[in-house]
Amino acid sequence: MGRRRQDHWARQAKRDDFPARSVYKLEEIDRRARLVRPGLRVLDLGAAPGSWTLYLARGVGPGGFVLAVDLQPLRIALPANARFLRGSCFDLGAEIAAAGPFDLVVSDMAPSTTGDRGTDQHRSFELFVAALDLALAHARPGSDFAGKIFQGPSFEEARARLRGAYAEARVIRPRATRAESYEVFLVGLGLRLPHLVPCLGRTAGVA
Ligand SMILES: C[S@@+](CC[C@H](N)C(=O)[O-])C[C@H]1O[C@@H](n2cnc3c(N)ncnc32)[C@H](O)[C@@H]1O
């Protein structure tokens, strides 16, 4: 049953002309949290092969902008209102700053898995924190955030950091998530003013 449902999302992505089934995760997060609106400037971390970038570029429209970032190249024709930076989120702080400020930061970043659940979870936590730090540094007060994280021992710390920074925090596990996956998305709505955000730790990749 689980496998049949997964095949459904992959077939649907092909029909809808998206390079990855992960677009339906963002679609559900967006439906439930209402993140994407015309005119927004969006930072899209972990963008390759490019499904989220396509979804976001359509959603923000010609008056909006999407900055897509990934270690890997995109496999889409880049929309006119999007730009791609190839590299690690830990190294691109200056380039990301130059394209900000952002109204929405999303991260679908995932580490290459090692098979060791503890290691993978810790790396996923580090990517989540890097995304959150970039949002704190380069997003507008009142802006929103959604970041992927593998559930594990550091999950509660990640959630506490999110709660400290945003007026509202939610956990969403979209239906398109593979049954065997332990990933969820932490969604923050309404970034607090900078002086109200407690010190959240290191700012990865940001000068
Ligand atoms: C699940 S895929 C993203 C799928 C994408 N959202 C889509 O819809 O096409 C996770 C991505 O995270 C990227 N990634 C992992 N570590 C990263 C880092 N340090 N900086 C930027 N991207 C990273 C990987 O290269 C990979 O392409």
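Scroll up a little and you will see the structure.
Conventions and cut-offs
Residues numbered from 1 in each chain as written. Predicted model: local features only at pLDDT ≥ 70, side-chain atom pairs only at ≥ 80, totals over all residues. Helix = DSSP H or I, 4+ residues; strand = E, 2+ residues; numbered from the N terminus. Core = buried A, V, L, I, M, F, W, Y, C linked by C-beta atoms within 7 Å. Buried ≥ 20, exposed ≤ 12 C-beta atoms within 10 Å, placed from the backbone. Contact = placed C-beta atoms within 7 Å. Pairing = 2+ DSSP bridges. Near = placed C-beta within 6 Å. Nonpolar A, V, L, I, M, F, W, Y, C, P; charged D, E, K, R; others polar.

A word on the environment of Ile-29
Piece 1. For Ile-29, the location among the structural elements is in helix H2 (residues 23-33).
Piece 2. Here the alpha-carbon distance between Ile-29 and Glu-183, two residues 154 residues apart in the chain, equals 14 Å.

Digging into the nonpolar core
Piece 1. Counting 58 residues, the largest nonpolar core has Val-42, Val-105, Ala-131, Leu-132 and Ala-135 as the members making the most contacts within it.
Piece 2. If one sorts the elements of this core by residue count, helix H5 (residues 117-138) sits on top with 10 residues.
Piece 3. Discounting chain neighbours no more than four positions away, the residues touching Val-42 are Leu-56, Val-60, Val-66, Phe-102, Asp-103, Leu-104 and Val-106.

Observations concerning the pairing of strand S7 (residues 183-191)
Here is the key point about a regular strand: its side chains alternate between the two faces of the sheet.
Piece 1. Pairing of strand S5 (residues 139-150) with S7, which is carried by six bridges, proceeds in the antiparallel orientation. Across the sheet, the residue bridging to Phe-145 is Gly-188, located in S7.

Topic: the site of the ligand
Piece 1. Taken together, the neighbourhood of the ligand is formed by 23 residues, with Gly-46, Ala-48, Ser-51, Cys-89 and Asp-108 sitting nearest.
Piece 2. Secondary structure elements with two or more residues in the shell around the ligand: helix H3 (51-60) and strand S2 (65-70).
Piece 3. When its residues are assigned to classes, the shell around the ligand shows 15 nonpolar, six polar and two charged.

Considering H2
Piece 1. Regarding H2, the residues found buried are Val-23, Tyr-24, Lys-25, Leu-26 and Ile-29.
Piece 2. One or two positions beyond H2, positive phi appears at Arg-34, with a value near 50°.

Some thoughts on the environment of Ser-124
Piece 1. You can see Ser-124 is positioned in helix H5.
Piece 2. Linking Ser-124 and Lys-148, residues 24 residues apart in sequence, is a C-alpha distance of 7.9 Å.
Piece 3. Apart from residues lying up to four places away in sequence, Ser-124 is in contact with Ala-110, Pro-111, Ile-149 and Phe-150.

A look at unusual backbone geometry
Piece 1. Here the residue pair Ala-48 and Pro-49 is connected by a cis peptide bond, since its omega of 10° sits within 30 degrees of zero.
Piece 2. With an omega of 0°, the peptide bond between Gly-100 and Pro-101 qualifies as cis.
Piece 3. Phi is positive for Asp-17, close to 65°, though the residue is something other than glycine.
Piece 4. Within the secondary structure, Asp-17 is located in the loop between helix H1 (2-16) and H2.
Piece 5. Positioned with a positive phi, Arg-34 is a non-glycine residue whose angle comes to about 50°.
Piece 6. Structurally, the position occupied by Arg-34 is in the loop between H2 and strand S1 (41-45).
Piece 7. Under the C-beta neighbour-count criterion, Arg-34 is labelled exposed, with 10 such atoms within 10 Å.

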